[in-house]
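Coordinate inspection notes
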Amino acid sequence: MALCLVADFDLGKDVLPWLRAQRAASEASGAGSGGADVLENDYESLRVLNVERNGNIIYTYKDDKGNVIFGLYDCPTRQNELLYTFEKDLQVFSCSVNSERTLLAASLVQSTKEGKRNELQPGSKCLTLLVEIHPVNNVKVLKAVDSYIWVQFLYPHFESHPLPENHLLLISEEKYIEQFRIHVTQEDGNRVVIKNSGHLPRDRIAEDFVWAQWDMSEQRLYYIDLKKSRSILKCIQFYADESYNLMFEVPLDVSLSNSGFKLVNFGCDYHQDREKLSKHLTLCVFTNRTGIPQLYSSLHAPVLESSRRWYFQWRLEGSLCVCYSPKHASWEQITYSVFYIHKGHSKTFTTSLENVGSHVTKGITFLNLDYYVAVYLPGHFFHLLNVQHPDLICHSLFLTGNNEMIDTLPHCPLQSLSGSLVLDCCSGKLYRALLSQSSLLQLLQNTRLDCEKMAALHCALYCGQGARFLEGQIIQWISENVSACHSFDLIQEFIIASSYWSVYSETSNVDKLLPHSSVLTWNTEIPGITLVTEDIALPFMKKNQRVDKCTFIITKWKGKEKMSEVLSFKGYWEKLNSNLEYVKYAKPHFHYNNIVVRREWHNLISEEKTGKRRSTAYVRNILDNAIKVISNLEARNLAPRLTPLLQEEDSHQRLLMGLMVSELKDHFLRHLQGVEKKKIEQMVLDYISKLLDLICHILETSWRKHNLHSCVLHFNSRGSAAEFAVFHIMTRILEATKSLFLPLPPGFHTLHTILGVHCLPLHNLLHCIDSGVLLLTETAVVRLMKDLDNTEKNEKLKFSIILRLPPLIGQKICRLWDHPMSSNIISRNHVTRLLQNYKKQPRNSMTDKSSFSVEFLPLNYFIEILTDIESSNQALYPFEGDDNVDAEFVEEAALKHTTMLLGL
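A few points on the structure. (Residues numbered from 1 in each chain as written. Predicted model: local features only at pLDDT ≥ 70, side-chain atom pairs only at ≥ 80, totals over all residues. Heavy atoms only, no water.)

1. Concerning the sheet that holds strand β20 (residues 282-287)
On the basis of which strands lie adjacent, the open sheet formed by five strands has the order β20-β21-β22-β23-β31 and antiparallel pairing. Strand pairing shows two members of the sheet lacking a second neighbour, β20 and β31 (530-535), which therefore form its edges. In this sheet, neighbouring strand axes are inclined to one another by 15 degrees on average, regardless of whether the strands run parallel or antiparallel. (Pairing = 2+ DSSP bridges. Helix = DSSP H or I, 4+ residues; strand = E, 2+ residues; numbered from the N terminus. Axes fitted to C-alpha atoms, helices over the stretch in contact; angles between N-to-C directions.)

2. Details of the pattern of salt bridges
A pair can form between side chains of opposite charge whenever their charged atoms are brought close. Throughout the structure, instances matching the rule amount to 23 salt bridges. Residues R636 and D686 are paired through a salt bridge, measuring 3.6 Å at the closest nitrogen-oxygen approach. Note that R636 is positioned in helix α11 (residues 616-636) and D686 in helix α13 (residues 677-705), a separation of 50 residues in sequence. We classify R636 as partly exposed; its relative accessible area is 41%. Because the salt bridges share partners, they merge into one network encompassing K143, E178, R202, R204 and E207. (Salt bridge = Lys/Arg side-chain N within 4 Å of Asp/Glu carboxyl O. Buried < 20%, exposed > 50% of the residue type's maximum accessible area, 1.4 Å probe, protein only.)

3. Thoughts on helix α10 (residues 595-610)
For α10, built from 16 residues, the straight-helix expectation of 22 Å at 1.5 Å per residue is met to within 8% by its first-to-last C-alpha distance of 23 Å. Looking at the buried side of α10, the elements it contacts are α11 and α12 (651-671). (Expected span 1.5 Å × (residues − 1). Contact = heavy atoms within 4.5 Å.)

4. So, the packing of helix α14 (residues 721-740) against helix α15 (residues 748-759)
It is at 9 Å that the axes of α14 and α15 come closest, and there the two elements cross at 135 degrees. Considering their axes alone, α14 and α15 lie oblique with respect to each other. The two elements α14 and α15 cross, and the hand of that crossing is left-handed. On α15, the residues touching E723, F724, V726, F727, M730, T731, I733 and L734 of α14 are F748, H749, L751, H752, L755, G756, H758 and C759. Split by residue class, the contact of α14 with α15 holds ten nonpolar, five polar and one charged. (Parallel < 35°, antiparallel > 145°, perpendicular 65-115°, else oblique. Left-handed = near helix turned anticlockwise from the far one by under 90°. Nonpolar A, V, L, I, M, F, W, Y, C, P; charged D, E, K, R; others polar.)

5. Topic: the pairing of strand β7 (residues 103-110)
Among the eight residues of β7, eight are classified as buried, and the element is accordingly described as predominantly covered. What you see with β7 is no split at all: L103, A105, S107 and V109 on one side and L104, A106, L108 and Q110 on the other are buried throughout. As defined by bridge partners, strand β6 (residues 90-97) adjoins β7 across seven bridges and the pair is classed as antiparallel. Across the sheet, residue L90 finds its bridge partner in β7, namely Q110. Hairpin connection between β6 and β7: a loop of five residues separates the two successive antiparallel strands, and R101 in this loop has a positive phi of roughly 60 degrees. With seven bridges connecting them, β7 and strand β8 (residues 126-132) associate as antiparallel partners. In the sheet register, A105 faces β8, and the bridge partner there is L130.

Treat this as a map of the structure, not an account of what it does.
So this is what it looks like as structure tokens:
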């Protein structure tokens, strides 16, 4: 499956054996079963209650006496710890522990069994308790009400020092959220007690809301309140110093008025009726991670090494998505929406389910994968949505129930926590959701649909992000299936996407400046799904009050001056605000293209042909840029190359390379504010080097596959099937780069022409030259003239090639070909050069200087003029070269050519 779940925690493997060992040790010491008494049939009571920000997992179970026991699993150390035991028959539904493990907050439902009364607080349904667990064990009742109360401690940054004040959120079923400020003091060594426990200060955070979600890793509270039947999404950000701000509010087109009260990720909700889950709406907010690399090392130690590098390659995105699935009266057709708030639009997807007779009770699951959002309905479909580039549906992967990979995902309800954590409450397993490179490559190779190939290619490159091994596997498949896609150019898409990922993590906003795909529009429908895209309102970002220095500007409003504070955001909020500003004002898009490079390159080539090239300093600077690119490319890849690339000058490709360096650097300097110039220059070199390296890699793979040798570079043999296959790959590479006007590695055109001469009949070869498929380089033509003998067939080939060469190169090549035809061309060029500056002079007498005397008087007169010009102006118009071209040679050539034309 494209998505795989790697278990980070399993109650059955990480907790149950420890509990059994504790019981065995207790029995051996004769202390009785104690609080750690766990029998085989008591395993059903063992369940996860909460996952805290630092990765600690709180669980609970009941012993054989019905006592409620709280335990904690420390993910960094993989150790279990017994927190507290309630010697009461209570049902726990919410629990949280502070970061120092000194305070435990829990909400419990009192037993309704006859004869059992709660001595803590009689007459109430729910008790919310605050317990000192190290080591006093004092218990304070925070709430004793008939409604449910959920609890959640706030966590400071991992590296911050323990604070004297702990903050605890209480979320009430009566639609309000409070924050308790709990002062603690340390006495007698490690004894930690609550200070002034009789009166704990509290703040009302929110009220009159109908839905709320907790983001434990980012310490954010999302909630929705209804204003005039409009659903308004708000977000509160809690900070390391325990302060908080309302960050934004945005209207959402979702129907929550009759949905009742709903909480997401405030612990594990075991009180929902799972059979009714599929009939309820689903709503969740996903953002990308904002940084704390320590979270990986503490929480995800069991994750595979191959995946570990991927987590460290994460980069801030500033994405904000709201995933919504309304109530479904029937499962024949299902609809769900994703609000890409950071992009300013929403997409609503509709799909018809197959096998609707099957019992659907699980409901839709939305999973957060940072760069992607997964929409999953067990046994029916799996939709992987690209969050950063959602414009084209072909960049998202949609698989239906017909795909056998769908069945590999669990069919149980999954709870998506912060980041990529997924909790299976039924089994007590905590997973890390990962995208499987091997499955994506398998899908890329086996699927018949272009849209799935496109999505699988991009998703696989995202997982690898420049990994040489992954690129090699994709290139191997491309070389064997170069014509597999009809809706887009496979080589072109791979080159653009892989080059994008090579510099993606260097700095922010690269996704707005570089194209990630060669496809600009996609009009082909995706089988099994329909899509409606709509613009949405952008969030109103609240003023950030946590800035140390406020910048003020003076504005005029209704004729009066007014002082306004400039908004200032940091971290994730800065990036999100940047994305929103881009949506508001970025018209057209900032993506780089080679239009300016194309125009300037054609100008330089035209100037070269006319001999009127601009200043040498300008051209030298461009060629120096190309030298830097090639040096950077060779430094990145020290392995020897099989193909003869990067070994010749090829001034045209070097000009194109240098121009692209210059233009792309200017593009980055305009739009990447605050980034050092040296870093930008290196990014540009890395990006263009990657382009060229990918082309070389594709060609190397094909060369190695067909076992070609250096003898290919000579013209003394006919082309084999292997050479024709490589020629075909090179032609496809040329087509891919030509439309995008990308540079090719020097030597590419020479090798391409040599293979073309080997493999193509003469008329096909000349057609390829005339249509621009083959570009004649001086190196290739020189080899052709030297390697081929002067048989009739080769003479025809050489003459056809010479006629198609630019004049300056043609003159050089003619001197290398010892043949009357070459001499004829030389003489004609010489006569043309003489007559270009000829001025007719009055003549008193005609002197016959010709050694020929024919009755064709115009020819006699023409020969006389040439002889006179050459003898009188030889100093002014000398013939360039070592050939001995005199009047007699010109006369003979001219006479022969004329008699042939006249048929004399």
